[in-house]
Amino acid sequence: MEHQYENLRNSLTKHGQEHLLRFWPQLDDTRREELLRDIQSVDVEEVCAYFARTVRTLEEQQQKLDDRMQPIPPELSGSLQRSSPQELETYRAEGLGLIASGKVGVLLMAGGQGTRLGVDFPKGMYDIGLPSHKPLFQIQAERIRRVEQLAQEATGKKGCVTWYIMTSGQTMEPTLAFMRKHKYFGLNSANVKLFEQGMLPCFSMDGNIILDSPSRLSKAPDGNGGIYRALRDCGMLDDIEQRGICCLHAHSVDNILVQVADPIFIGYCSLKGAQCGVKVVPKAYPTEAVGVVCSVDGKYQVVEYNEITQATAERRNEDGELTFSAGSICNHYFSSQFLRGFLNDHEKSLPLHIAKKKIPYVDENGVQVKPDKPNGIKMEKFVFDVFPFTDSLVVWEVLRNEEFSPVKNADSAEKDCPRTARQDIINLHISYVEKAGGKILPGPDGSTVCEISPLLSYGGEGLEDLVKGKTFTSPHVLLAPGEELVVNGKANGVACGTVNRVNGVSNGISNGVH
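Since the model is a prediction, treat every value here as computed from it, not as a measurement.

Novice: Please give an account of the environment of Thr-171 that cites residues and values.
Specialist: Along the chain, the position of Thr-171 falls in the loop between β4 (162–167) and α6 (172–181). Its relative accessible area of 0% is what places Thr-171 among the buried residues. It is 5.6 Å that separates the C-alpha atoms of Thr-171 and Pro-122, two residues lying 49 residues apart in sequence. Of the polar contacts made by the side chain of Thr-171, one reaches the backbone nitrogen of Ser-168; its length is 2.8 Å.

Below you can see the structure in the form of structure tokens.
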């Protein structure tokens, strides 16, 4: 061990990090082994270079980008609203064909804990309070099952969508246990692949790696942009290639409205020959705090709202529309070939972003101190920072009320919270029923509530036979054939596919119609 210690001390000294061994004399052999393993798990030369490069470019990042920005050219921008029914059907058929051939994978970014939601478990396990009480993971798994069914119906071929779920060190075990407990929500476990994102050491303001304890470094997840390196290092990219998957739909776990493995989006990107695709929603107002997709110095990227002036945010075209209106919603398409090339040639050039945080550290006596103000830096990568490395990107605009409602905060925030997400999906499902010719009446409490199982309908399709010409009283749930509604741990089976008055009791409705 002493030989290892000397080699490590020399290496750390070379990079100005020898302070990591300052408690060595006081540690017993077990804790010395722990410290050695922890330091050896980090490429100290690389992370120190990251820190230096990030600090060096921080001033550039703080400069306004107004004069260097251009909107994405119209020929690279498509829109759900502006496309004809024939065009949409062409894109959809292409996407369903790829799904039926097993050529589509989903990359789910699910490394976050539900801290801002006020819970201590992975965000994907969160129940936003729908009548069915399905958590985020279940809703998304069932959307995958439904789109696989739609692809089979359209092509006659039975393919599968492989679900790649990026967790973190904190969320891997509970996520895996949750999936096993619920039998992967009906998916084949062989097609659900969990992998961990990487960690990066936390630094003090002056560039020293922080010790969390005398025998352990302080580390933090490397951000959603860590998905690229994690795909390679955990063998997921090899798995993607071995399965013959050619394109991937990537999104974050907290969007309740996400159209998982969206065949229209996938088909659009595929037919355009794109290496990367990005879904956007029109900005709600000029100064909305969202990043916008544009080009800077001829390279595609997402520019954050604080990187431009108010004048540029408010700039409009001749038709009155905002010039920079393509709001980023963390919803992307990648070709697997592009990801391999990027990882081979450019991954180390991915920029890192600094977040100044209150980071616990050990004082000179080896006692952990929890600071009351930011004392250090966490570095993270952003998933969209891959865009400058492609010359083949397309943008697909969708409607916010149909495809974007994140669950980030507790209800007290009154924005991007369970209450707003729940209402958004209820409103969408009511619109599906009404479009199919049905009607939802308010319940005894005056609220109008409708939920449609993803196993029954992916995007409002196939509802006419169930709802046309019928009226339902809230709260109302539409289920797939054979599906049981479980409320408060009790199955509330409804053979006809609908259930009224969701309160743990079926209320004796035989046909689901009130």
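Novice: Help me get a handle on the pattern of salt bridges, residues and values and all.
Specialist: The final tally for this structure, using the stated rule, is 22 salt bridges. Ionic pairing is found between Asp-38 and Lys-219, a salt bridge with its closest N-O pair at 2.7 Å. Of this pair, Asp-38 sits in helix α2 (residues 29–40) while Lys-219 sits in strand β10 (residues 219–221), placing them 181 residues apart in sequence. Taking the relative accessible area as the measure of exposure, Asp-38 reaches 13% and is therefore buried. The closest approach of N and O atoms between Arg-400 and Glu-288, which form a salt bridge, is 2.9 Å. With Arg-400 in helix α12 (residues 400–403) and Glu-288 in the loop between β12 (276–282) and β13 (292–296), the pair connects residues that are 112 residues apart, well separated along the chain. A relative accessible area of 8% places Glu-288 in the buried class.

Novice: Outline the sheet that holds strand β16 (residues 353–357), listing residues and values.
Specialist: Strand order in the open sheet formed by three strands is β7-β19-β16, and the pairing between neighbours is antiparallel. Across the chains shown, the open sheet's two edge strands, defined by having one partner strand only, are β7 (203–204) and β16. Bridge count for β7 against strand β19 (residues 376–380) is two bridges, and the pairing is antiparallel. Pairing of Phe-203 across the sheet is with Ile-377, part of β19.

Novice: Go over the domain arrangement of the protein with me, naming the residues and quoting the values.
Specialist: By the assigned domains, the protein splits into domain 1 (1–41), domain 2 (59–408) and domain 3 (432–478). In this structure, domain 1 and domain 3 have C-alpha centres spaced 63 Å apart.

Novice: Run through the packing of aromatic side chains, naming residues and quoting values.
Specialist: All told, the structure shown has 13 aromatic pairs when counted by the stated rule. With centroids separated by 5.7 Å and ring planes inclined at 90°, the aromatic side chains of Tyr-91 and Trp-396 adopt a geometry described as edge-to-face. Of this pair, Tyr-91 sits in helix α4 (residues 85–100) while Trp-396 sits in strand β20 (residues 393–397), placing them 305 residues apart in sequence. Taking the relative accessible area as the measure of exposure, Tyr-91 reaches 11% and is therefore buried. Ring plane angle 85° and centroid distance 5.8 Å describe the contact between Tyr-228 and Phe-334, whose orientation is recorded as edge-to-face. One end of the pair, Tyr-228, is in helix α7 (residues 227–233); the other, Phe-334, is in strand β15 (residues 326–335), and 106 residues separate them in sequence.

Novice: I'd love a proper account of the packing of α4 against helix α5 (residues 136–155), names of residues and values included.
Specialist: At their nearest, the axes of α4 and α5 sit 8 Å apart, and the two run at 105° to each other. In terms of orientation, α4 and α5 fall into the roughly perpendicular class. Two secondary-structure elements touch here, α4 through Arg-92, Leu-96, Gly-97, Ile-99 and Ala-100 and α5 through Val-147, Glu-148, Leu-150, Ala-151, Ala-154 and Thr-155. Looking at the contact of α4 with α5, its residues break down into seven nonpolar, two polar and two charged.

Novice: Requested: an account of empty space enclosed by the protein, with residues and values cited.
Specialist: Inspection of the entire model under this criterion finds one cavity of 30 Å³ or more. In this structure, the largest cavity encloses a volume near 70 Å³. Around the largest cavity sit Arg-143, Gln-259, Leu-428, His-429, Tyr-432, Ile-452, Ser-453, Pro-454, Ser-457 and Tyr-458, which together line it. Counted by class, the lining of the largest cavity contains five nonpolar, four polar and one charged residues.

Novice: For the side chain of Thr-167, give the residues involved together with the corresponding values.
Specialist: Within the element layout of this structure, Thr-167 appears in strand β4. Relative accessible area serves as the criterion here: at 0%, Thr-167 is assigned to the buried category. Dropping the residues within four chain positions of it, Thr-167 is found in contact with Ala-110, Gly-111, Met-172, Thr-175, Leu-194, Phe-195, Glu-196 and Gln-197.

Novice: So what's going on with the nonpolar core? Residues and values would help.
Specialist: One broad rule of soluble globular proteins: the nonpolar side chains tend to lie buried together. Residues Phe-137, Trp-163, Ile-165 and Trp-396 are the most contacted members of the largest nonpolar core, which totals 49 residues. In this structure Ile-165 touches Leu-108, Ala-110, Met-179, Val-192, Lys-193, Leu-194 and Phe-195, once residues within four positions along its chain are discounted. With 37 residues, the next largest nonpolar core counts Val-302, Leu-339, Val-383 and Leu-393 among its residues.

Novice: Which residues make up the layout of surface pockets, and what are the values?
Specialist: In this structure, the second largest pocket occupies an estimated 820 Å³ of space. Lining of the second largest pocket is provided by 23 residues; of these, Ile-264, Tyr-432, Lys-435, Gly-459 and Gly-460 occupy positions nearest its centre. Elements with a contribution of two residues or more to the lining of the second largest pocket: α4, α9 (263–271), α12 and α13 (418–435). Counting contributing residues, the lining of the second largest pocket receives three or more from each of domain 2 (59–408) and domain 3 (432–478).

Rules behind the numbers
- Residues numbered from 1 in each chain as written.
- Predicted model: local features only at pLDDT ≥ 70, side-chain atom pairs only at ≥ 80, totals over all residues.
- Heavy atoms only, no water.
- Helix = DSSP H or I, 4+ residues; strand = E, 2+ residues; numbered from the N terminus.
- Buried < 20%, exposed > 50% of the residue type's maximum accessible area, 1.4 Å probe, protein only.
- Polar contact = N/O pair within 3.5 Å; in protein donor to acceptor, adjacent residues only side chain to side chain.
- Salt bridge = Lys/Arg side-chain N within 4 Å of Asp/Glu carboxyl O.
- Pairing = 2+ DSSP bridges.
- Domains from an automatic or database assignment.
- Phe/Tyr/Trp six-rings, centres within 6.5 Å; stacked < 30°, edge-to-face > 60°.
- Axes fitted to C-alpha atoms, helices over the stretch in contact; angles between N-to-C directions.
- Parallel < 35°, antiparallel > 145°, perpendicular 65-115°, else oblique.
- Contact = heavy atoms within 4.5 Å.
- Nonpolar A, V, L, I, M, F, W, Y, C, P; charged D, E, K, R; others polar.
- 1 Å grid on protein atoms, 1.4 Å probe; cavity = no way out; pocket = protein on both sides within 12 Å on 5 of 7 lines; lining within 4 Å.
- Points joined across faces, edges and corners; volume = space filled by probe spheres on them.
- Core = buried A, V, L, I, M, F, W, Y, C linked by side-chain atoms within 4.5 Å.

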